[in-house]
Amino acid sequence: MPNGLGGPTAHAILELASATAAGAVVRTDGRGVEKGIREREELAPAFVDGLRRAYEESGLAEVQVEADRVLSGLANWSRPASEIDVVVTRESGEVDLAGELKAWDIDHQLFDLLKVCCLLDGPARAGFLGCVARRSEDFKLRPGGELFARQDAETRVHSIPELLARHGKEFSRHVGWGGPEPTAVPTAVRTVAIGDPQPIDSYPGHELRACVVELVNADRVPLTEVVR
């Protein structure tokens, strides 16, 4: 895996972290299930706790796991630094793992995929996406669902230009407005499913899926050439 921990290691850590997070989400007092899981207040803290446990059980070096961490050094990115949902840093300061989370907004993970690619080109050794859907069927029905296979370790190769063309309306909401965005994108990436889909105990009906993101090759295309 280019610039990564090594597929099996990242996969094993994230598989345990995802399973732990699914059972550790604490629903805010008074919040109804129908309103959905809260990304920052509920999902991110559970994922951080899951990663801490996974690293501890793996026997790897001491790490610091943080939510909403500002990172610099993203490659092919329009800003010198950007906020990342979950970051794992070793004592040396090396970014071991970084990922983006979403609750319900499966379609937003298409943009997150490009952001993780910039992380892999820059400071992160491995990257991932984690997404909670209101119901399992949403991964089939919503744009971005194709990133998340149902079977553990299933690998899917995605042409980025084809994704951008197929989901142009979704990408147009995130790029071209002067905000943080990629300046160049890879031509292809792999997503590898992490474990089985996990039910969220505190939000009946909700389902968590996650995937490792891997770069397929070194080719990069300016974003302006593939987004119209």
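Structure shown above.
Since we're looking at a predicted model, the values are computed, not measured.

1. Describing the pattern of salt bridges
Applying the stated rule across the entire model yields 20 salt bridges. One salt bridge in this structure joins E170 and R173, with 3.2 Å as the shortest N-O distance. One network of salt bridges, in which partners are shared, links R90, E94, D96 and R125.

2. Side note on the packing of aromatic side chains
Under the definition given, this model contains three aromatic pairs. Residue placement shows R27 over the ring face of Y203; its charged tip is 5.6 Å from the ring centre.

3. Some points on the environment of E146
In this fold, E146 is placed in the loop between α4 (138-141) and β5 (155-159). For the pair E146 and L110, spaced 36 residues apart in sequence, the C-alpha to C-alpha distance is 9.6 Å. Once residues lying within four places of it in the same chain are set aside, the contact partners of E146 are F139, R156, H158, L163, R166 and H167. Of the polar contacts made by the side chain of E146, one reaches the backbone nitrogen of G144; its length is 3.0 Å.

4. Here's the deal with the nonpolar core
Formed by 37 residues in total, the largest nonpolar core has its most connected members in L113, L119, L129 and I160. At the level of secondary structure, the elements contributing two or more residues to this core comprise β2 (81-90), β3 (95-103), α3 (109-121), β4 (127-133), α5 (160-166), β9 (207-215) and α7 (223-226). For this core, the element with the most residues is α3, which contributes nine residues. Ignoring anything within four residues of it in the chain, the contact list for L113 reads L129, L147, I160, L163, V189, T191 and V213. Counting residues in each nonpolar core, the second largest holds 33 residues, with L14, V25, Y55 and V65 among its members.

5. With respect to unusual backbone geometry
Positive phi, normally seen in glycine, also occurs at N76, with a value near 55 degrees. Phi angles above zero are rare outside glycine, and W104 is one such case at about 75 degrees. For W104, the position within the fold is in the loop between β3 and α3. For W104, a relative accessible area of 24% corresponds to the partly exposed category.

About the criteria used
Think of each chain on its own: its residues are numbered from 1, step by step along the sequence as written. With pLDDT at 70 or above as the cut-off, local features in this predicted model cover only qualifying residues; side-chain atom pairs require 80 or more to be listed or tallied, and sums for whole chains, interfaces and linings still use all residues. Excluded from the side-chain calculation are hydrogens and water; included are all heavy atoms of the structure. The working definition used for a salt bridge is a side-chain nitrogen of Lys or Arg within 4 Å of a carboxyl oxygen of Asp or Glu. Aromatic rings from Phe, Tyr and Trp, with only the six-membered ring used for Trp, were paired whenever their centres fell within 6.5 Å, and each pair was classed as stacked if the ring planes differed by under 30 degrees, edge-to-face if by over 60, and tilted otherwise. The rule for a charge over a ring is simple: NZ of Lys or CZ of Arg within 6 Å of the ring centre, and within 35 degrees of the ring normal. Secondary structure elements follow DSSP: runs of H or I of four or more residues count as helices, runs of E of two or more count as strands, with numbering from the N terminus. Contacts: residue pairs with any heavy atoms within 4.5 Å of one another. Throughout this description, a polar contact denotes any pair of N or O atoms lying within 3.5 Å of each other; where both atoms belong to protein, one of them has to be capable of donating a hydrogen while the other can accept it, and for residues adjacent in sequence the pair is counted only when both atoms sit in side chains. Throughout this description, the term nonpolar core refers to a set of buried Ala, Val, Leu, Ile, Met, Phe, Trp, Tyr and Cys residues connected via side-chain atoms within 4.5 Å. Relative accessibility decides the category of a residue: with a 1.4 Å probe and only protein chains considered, values under 20% of the type maximum give buried, values over 50% give exposed, and everything between is partly exposed.

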